[in-house]
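Reading the structure
Each chain, letter by letter, is given below.
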Amino acid sequence: MIALQRNRVVTISSGVILASGVFTSEAFDVSGVEGFFSLEWVLTGAGTMKAEVLVSNHGVTFHDIEADIAVGQTVGTSMKSFTVSPCKQIKIKFTETSAGATITTTAYLLAL
């Protein structure tokens, strides 16, 4: 598990996500940061992508209780900021939502 540090960027590479498929990152320890994040991504392929953050206090069960980071994203690059409820760990989840194509996502997560 990577412990996120303030003002340090972590790279997340999904590999190919099949049509209607999902990629979930490894868990990140966020106990040393304040809950403010930005996610920048480069999306390739013909599909569309949804990005979400999952949260946990014990690292076993991760909950989808936060607003989606991004929905309906297509090929190219973009960036969004987001916050999370107080927690110990997060995961970033990417879903291919067009159900007819594949995508590849490389993302850059920054914690503040």
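Computed from a predicted model, the values in this text were never measured in an experiment.

Conventions we followed
- Residues numbered from 1 in each chain as written.
- Predicted model: local features only at pLDDT ≥ 70, side-chain atom pairs only at ≥ 80, totals over all residues.
- Heavy atoms only, no water.
- Phe/Tyr/Trp six-rings, centres within 6.5 Å; stacked < 30°, edge-to-face > 60°.
- Helix = DSSP H or I, 4+ residues; strand = E, 2+ residues; numbered from the N terminus.
- Buried < 20%, exposed > 50% of the residue type's maximum accessible area, 1.4 Å probe, protein only.

A separate point is the packing of aromatic side chains. All told, the structure shown has 1 aromatic pair when counted by the stated rule. When the centroid spacing of 5.4 Å and the interplanar angle of 20 degrees are considered together, the rings of Phe37 and Phe82 count as stacked. Of the two residues, Phe37 sits in strand 5 (residues 36-45) while Phe82 sits in strand 8 (residues 76-83), which places them 45 residues apart along the sequence. On the accessibility criterion, Phe37 (3% relative accessible area) is buried. Residue class for Phe82 comes out buried when judged on its relative accessible area of 10%.

With that settled, the discussion passes to unusual backbone geometry. Of note, Asn7 is a non-glycine position whose phi angle comes to about 60 degrees, a positive value. For Asn7, a relative accessible area of 54% gives the class exposed. Phi at Ala99 is positive, roughly 65 degrees, even though this residue is not glycine. Along the polypeptide, Ala99 turns up in the loop between strand 9 (89-96) and strand 10 (103-111). Judged by relative accessible area, which is 53%, Ala99 ranks as exposed.

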